[in-house]
Amino acid sequence: MFFSGDPTTRKRVDLGGRSSKERDRQKLLEQTRLERNRRLWLRQQNSAALKIQKYFRGRKVVEAEHAKVREQFYQTYGKHCQNVDRHCFGPDSEFLRQLIFFFNAGNTDDFLVLVETCRLLQHFVRDSGDVVGLFAGMDYSSYHSLAAYRVKRLSFACIQAIHQNRNQLKDQLLMTPEESSAPTAILLEALVLLLDLKLPWACKTVGYLMQRNVFSLFREVVQKVKENVNARGSFGKISALERVLALMISHVGQSPCICSNINPQWSFLSQILTIPFLWQLFPYLKEVFASRSLSQYYTNQMALCVQNHANVLPTDIPNEFPGYACLLGNLLETAGAALSQPDCSFEMAIDLAAVTTFLLEALPPIKSSSRESRESSMVGDDDMTIGDEVGEILLDRNLELQITNAIDSRFLLQLTNVLFGGISTVHGLHTEGPDDKEVAAVGAACAFLHVTFNTLPLERIMTVLAYRTELIPVLWNFMKRCHQNQKWSSLPERVSYLLGDAPGWLLPLSVFCPVYKHMLMIVDNEEFYEQEKPLSLKDVRCLIIILRQALWQLLWVNPSAHPGSGKSVSNTSAHTRHPVEAIQNRVGTVASELLSQLQDWNNRRQFTPPSDFHADGVNDFFISQAVMEGTKAHDILQQAPFLIPFTSRVKIFTSQLASVRQRQGAHGVFTRNRFRIRRDHILEDAYNQMSALSEEDLRGLIRVTFVNEFGVEEAGIDGGGIFKDFMENITRAAFDVQYGLFKETADHLLYPNPGSGMIHEQHLQFYHFLGTLLAKAMFEGILVDIPFATFFLSKLKQKYNYLNDLPSLDPELYRHLIFLKHYKGDIAGLELYFVIVNNEYGEQTEDELLPGGKNIRVTNENVITFIHLVSNHRLNFQIRQQSSHFLRGFQQLIQKDWIDMFNEHELQLLISGSLESLDVDDLRRNTNYAGGYHSEHYVIDVFWEVLKSFSLENQKKFLKFVTGCSRGPLLGFKYLEPLFCIQRAAGTASEEALDRLPTSATCMNLLKLPPYRSKEQLETKLLYAINADAGFDLS
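Nothing here was measured: the structure is a model prediction, and the numbers come from that model.

Overview of the overall build of the protein
Along the backbone of the protein there are 44 helices and 10 strands. When the 1035 residues of the protein are sorted by exposure, 52% land in the buried category. In the protein, once contacts between residues fewer than 6 apart in sequence are set aside, the share between residues at least 24 apart is 78%. Of the roughly 49,000 Å² of accessible surface on the protein, 50% is carried by carbon and sulfur atoms.

Right, here's the structure in full:
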């Protein structure tokens, strides 16, 4: 067998390993399966066709039977019921049976027959006054089932007729029976007659109608009413439609009631209460719904739906009117009336809080209609959205107003009074944990307020919660006892969807922190420190520990997300995919803000050690991480810097400055700016030369040559020491109150002169220069002796000043304002208005604190507003331009996030160092020796003995003499670069050598000290040198 050249005869090999028989088998199975499916589809098709035909034939037969019975009805009773009498409604008559059988709401003749039937029904009842006898005759017990059946069917037929013909009847839907004999009014009045709660069939009838989902029919009828602007009933009168709805909702829940439970999706709550602005149409229905028993029943039903997370709300309305928002608005409008009932139950308040919390959480954020103060916002900008599609929902403005106006001071008072009514705010020595009722009350209130803070504008409700409710005392006692028992009670299951398995302290803190923070804005120093209101100082110390531990847990031990993601607190929707994470971020923010505020109070007058604010877990690893951006430690440093000890933050700050200086030095090794400064014109020369530098040049090295009063350049080469001397002299001259740019408080603290523009034409440019000057000193690590007022240092941190900062500026004005705050009489009698008089250099001006303030009298109601506006004017408004330009110059060199690591008290230490005496022992421990001197040398021992005996003023002069700066390094002389050194100045101890004065090289922190023979000689020579004020001619 040889190859013939024909490839078709070659044997084919299946590389898949399967034979052709196997392939044929698979193909056969597939064909069989397809054939089976085709036969099944044919059977289903035939079955469906048979069902359709069967239904069609059945409906055709029914229609024929309807027509036959209708014809018999017309022959017997007349087409317009002219042959009907009262006996036709009885159990022996065929009248109602036939009508109910053939009635079709879409048939005009049937509709007219039904209307006439209802008219006759009302006529006969008015004549006899006996509805039961009309339907059941004299023996109701024998015919009660028949009578109830006919009433149920007749009632449903009336509702069907109105619903089916609502477009034609739209102008009649709100009319009252007294006004019109229109068909709609007749049908609705017949329903009122048949659904009377006193009738024996009322319960079965309402239950039947509920099962037929009549509220969904009523919903469409009411929506047609809202579309038709002409359909408006008479003022003060109750429409028949409103009476029907009132009867139906009043019946449900009444005892004894045997109505079966219906699907919540078709209930009054989901179908009617979700209609926008329902109570504007039906004010009488609002009164009925707000009654104690009904509001409690329906609120409980809603709470059960919330607990089961049942989504039962309709979706047939525009996006700007979502069902949950309409339900919330209508519910809140009646909640106040329900809560004000004297017998309003605790359970009712719990249910109401649960429902409103659930609905509020679904809302997009509602913006305030008025200007919201940045400082009063607490809450937290949780960068969460409901989802891509939900984030774009915008509520109708009127719906927003309905919700925000309902959650007013009266509602908050009523809700908190009912929830906290039985809870004592004073527990004395009792250390037992909270009971179940207290846990339920705290959980309900905190969940509601947490979501409210995230959704609604805050300026309307914070003051009410802080000063007119028991919220802070109740929450504090709850948290304090949980902390003391080391066991935080689990909050109720109804708020579990908010918290999940998060710790029990999370939700109380999310509410307590912003409200207590708001209180601290209004409390004055006497109340906080002396009267110890609103919390005792002992309790405040305990609160600091709770907040510190919570923050450390949230931000470092178990962070939920990037801590820096929620830096500021403002209105944001809490309804997120991760609600627990949102609450954690919020608590991290509000707890940080509150702890920062408490630290400010502690700085004003210390009531607890500063270490109480420091977290226990800060170690070297944490510090090393904090320097690197993007780490958890760095984010904590930005959000809650007080958790880290001050010395550690200073090290981080100095390392950041050193890093920038090093980078700048690498880029500009040969770029040096040289200043030629006349000592008697130091400010003008420095302003002219420094203002010409760019921001990059300011970061570089600056070398200074001084010119003395004779026009001769001083001896000495600037290796850094002359520049330090220049910075100290220029800052002393520039910030001198005699120059007019700054003023002194009673405590000799500096702040910008509000009247600086009257002295210097270019005063704002000078403030920019001074800001740059101070920043350059800090950038180079030079301490300057400039004591700033705390309220001005707040401006470097871009913070807002409050009433409590006023004593440092104007103690007398502060006393007057506090007098007004506690004035018991009628303040209007003092003839004060919303204006303030400024007196600068003998020139008086008058500023209005509010638009039209000259005509607004200060009263007992607005006195708090007046006090804070006056404080704002003096502490913020008057120096706003000066502070703004100073800050711009300052931020050319010092970044905002660097300064944010420190509070105002610490910032002053960064600028000026400690005000305490110079630590000579620390300087001695960190001193080097040269030229034959050593630590045990007798001259050195005498030198340190002499330096220790100097006054503080002379010690500062000595330090300036040898380093160029009168203040030592903030963290001690260990951080002086280079270390202080004492060098022997004369090679021999001759009389000529010993007659020399000590000299220094400030660029190297070097003291050249001759080997004086006696203590008196050393002291005399050293004092002469440091007080000679000879510039650098002694170098």
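Some words on the sheet that holds strand β10 (residues 1006-1009)
The mixed open sheet is built from four strands, whose spatial order is β7-β8-β10-β9. Both edges of this open sheet fall to β7 (927-930) and β9 (999-1001), since each of them pairs with a single strand only. For this sheet, the mean inter-axis angle between neighbouring strands, taken without regard to orientation, is 25 degrees. Here four bridges tie β7 to strand β8 (residues 980-984), and the two strands are oriented parallel to one another. For Ala930, the partnering residue across the bridge sits in β8 and is Gln983. Contacts between helix α41 (residues 938-949) and the sheet are confined to β7, β8 and β10, with β8 contributing the most and set at about 130 degrees to the helix.

Overview of unusual backbone geometry
Note that the residue after Lys533, namely Pro534, is joined by a cis bond; omega there is 0 degrees. Within the secondary structure layout, Pro534 lies in the loop between α23 (525-530) and α24 (537-557). Following Glu977, the chain continues into Pro978 via a peptide bond in cis, with omega recorded as -15 degrees. Along the chain, Pro978 turns up in the loop between α42 (952-963) and β8.

Brief notes about the packing of helix α2 (residues 95-102) against helix α5 (residues 140-164)
Taken N-terminus to C-terminus, the directions of α2 and α5 make an angle of 40 degrees; their axes are 10 Å apart at the nearest point. One way to sum up the angle between α2 and α5 is to call them oblique. As for the relative orientation of α2 and α5, their crossing is left-handed in sense. Across from Leu96, Arg97 and Ile100 in α2, the residues of α5 making contact are Arg150, Arg153 and Leu154. Per-class residue counts for the contact of α2 with α5 are three nonpolar, no polar and three charged.

Topic: the pattern of salt bridges
Going through the model one piece at a time under the given rule, you end up with 34 salt bridges. Taking the shortest distance from any N to any O, the salt bridge between Glu438 and Arg481 comes out at 2.4 Å. With a gap of 43 residues between them, Glu438 in helix α18 (residues 436-455) and Arg481 in helix α20 (residues 471-484) connect regions that are remote in the sequence. Across the pair, Arg481 and Glu438 agree in class, each one buried. We note a salt bridge from Glu530 to Arg605, for which the minimum N-O separation is 2.6 Å. Here Glu530, found in helix α23, pairs with Arg605, found in the loop between α25 (579-604) and α26 (620-626); they are 75 residues apart in sequence, far enough to count as distant. Given the relative accessible area of 52%, Glu530 is considered exposed.

Concerning the packing of α20 against helix α22 (residues 506-522)
Each pair of packed helices can be summarised by the angle the axes make with each other and by the distance between the axes. Look at α20 against α22: their axes get within 10 Å of each other, and the N-to-C directions meet at 130 degrees. With respect to their mutual orientation, α20 and α22 come out oblique. When you trace α20 past α22, the crossing you get is left-handed. Judged by residue contacts, Leu471, Ile472, Leu475, Trp476, Phe478 and Met479 of α20 engage Pro508, Leu509, Val511, Phe512, Val515, Tyr516 and Met519 from α22. Residue composition of the contact of α20 with α22, grouped by class: 13 nonpolar, no polar and no charged.

Quick notes on the pairing of β8
Summarising the sheet, β8 and β10 pair through four bridges and their orientation is parallel. Of the residues in β10, the one forming a bridge with Arg984 is Leu1009.

A few points about the nonpolar core
Core analysis: the largest hydrophobic core is formed by 291 residues, its most contacted members being Phe135, Tyr516 and Phe726. Those residues in contact with Tyr516 that sit more than four places away from it in its chain are Ile472, Phe528, Pro534, Leu535, Val540, Leu543, Leu594 and Leu598. Val920, Phe943, Phe950 and Val962 belong to the second-largest nonpolar core, a separate cluster that totals 26 residues.

Quick look at the confidence of the model for the protein
Counting all residues, the mean pLDDT for the protein is 84, and 87% of those residues have values of 70 or more. Contacts of residues 369-391 to residues separated by more than four positions or lying in other chains number 63 contacts, the stretch itself having pLDDT below 50. In the predicted structure, residues 562-577 sits below a pLDDT of 50 and forms 69 contacts with residues beyond four places in sequence or in another chain.

Overview of α25
For α25, with 26 residues, the first-to-last C-alpha span of 38 Å sits near the 38 Å given by 1.5 Å per residue. Extensive coverage of α25 is indicated by the burial of 20 of its 26 residues.

Looking at the packing of aromatic side chains
The description of two aromatic rings rests on the distance between their centres and on the angle between their planes. Within the structure shown, the criterion is met by 54 aromatic pairs. Between Phe788 and Phe792, the ring centres sit 5.4 Å apart and the planes meet at 50 degrees, which makes this aromatic pair tilted. For Phe788, a relative accessible area of 4% translates into the label buried. One aromatic cluster in this structure is built from Phe73, Tyr74, Tyr77, Phe89, Phe95, Phe102, Phe124, Phe135 and Trp201. Here the basic side chain of Arg604 rests over the ring of Trp601, its NZ or CZ set 4.7 Å away from the ring centre. The residue whose ring lies beneath Lys632 is Trp556, and the NZ or CZ to ring-centre distance is 4.7 Å.

Regarding the pairing of strand β2 (residues 702-707)
Most of β2 is tucked away: five of the six residues are buried. One ladder, built from six bridges, connects strand β1 (residues 673-678) with β2; its direction is parallel. Each residue of the ladder has a partner; that of Arg674, found in β2, is Arg703.

Topic: a nonpolar patch on the surface
Together, Met758, Ile759 and Tyr841 line one region of the surface with nonpolar side chains, adding up to about 310 Å² of accessible area. With respect to the secondary-structure elements, Met758 resides in the loop between β4 (750-752) and α32 (763-779). The exposure class assigned to Met758 is partly exposed, which follows from its relative accessible area of 45%.

Quick notes on the environment of Glu713
Assignment of secondary structure puts Glu713 in the loop between β2 and α31 (721-734). Under the relative-accessibility criterion, Glu713 is labelled partly exposed at 45%. Once you skip the residues sitting within four places of it in the chain, Glu713 turns out to touch Arg676, Thr705, Phe706 and Val707.

With respect to the environment of Ser340
Looking at the secondary structure, you find Ser340 in the loop between α14 (323-339) and α15 (346-362). Judged by relative accessible area, Ser340 falls into the partly exposed class, the value being 37%. Sequence-wise, Ser340 and Asn417 are 77 residues apart; in three dimensions their C-alpha atoms are separated by 9.9 Å. Setting aside chain neighbours within four positions, we find Ser340 in contact with Arg410 and Gln414.

Some points on the side chain of Asn602
Relative to the assigned elements, Asn602 resides in helix α25. Taking relative accessible area as the criterion, Asn602 reaches 4% and is therefore assigned buried. Looking at Asn602, its side chain comes within polar contact range of the main-chain oxygen of Thr608, at 3.0 Å. The residues touching Asn602, leaving out its near neighbours within four places in the chain, are Phe607, Thr608, Pro610 and Phe613.

Focus: the side chain of His66
Looking at the element boundaries, His66 is found in helix α1 (residues 20-77). A relative accessible area of 13% means that His66 is categorised as buried. In this structure the side chain of His66 is engaged in a polar contact, spanning 3.1 Å, whose partner is the backbone oxygen of Phe101. In this view, His66 contacts Phe101 and Phe102; residues no more than four positions away in its chain are not counted.

Each value, and the rule that gives it
Residues numbered from 1 in each chain as written. Predicted model: local features only at pLDDT ≥ 70, side-chain atom pairs only at ≥ 80, totals over all residues. Heavy atoms only, no water. Helix = DSSP H or I, 4+ residues; strand = E, 2+ residues; numbered from the N terminus. Buried < 20%, exposed > 50% of the residue type's maximum accessible area, 1.4 Å probe, protein only. Contact = heavy atoms within 4.5 Å. Areas by Shrake-Rupley, 256 points an atom, 1.4 Å probe, with all protein chains shown as cover. Pairing = 2+ DSSP bridges. Axes fitted to C-alpha atoms, helices over the stretch in contact; angles between N-to-C directions. Parallel < 35°, antiparallel > 145°, perpendicular 65-115°, else oblique. Left-handed = near helix turned anticlockwise from the far one by under 90°. Nonpolar A, V, L, I, M, F, W, Y, C, P; charged D, E, K, R; others polar. Salt bridge = Lys/Arg side-chain N within 4 Å of Asp/Glu carboxyl O. Core = buried A, V, L, I, M, F, W, Y, C linked by side-chain atoms within 4.5 Å. pLDDT = per-residue confidence, 0-100. Expected span 1.5 Å × (residues − 1). Phe/Tyr/Trp six-rings, centres within 6.5 Å; stacked < 30°, edge-to-face > 60°. Lys NZ or Arg CZ within 6 Å of the ring centre and 35° of its normal. Patch = residues over 30% accessible without salt bridge, like charges linked within 9 Å, V, L, I, M, F, W, Y side chains within 5 Å. Polar contact = N/O pair within 3.5 Å; in protein donor to acceptor, adjacent residues only side chain to side chain.

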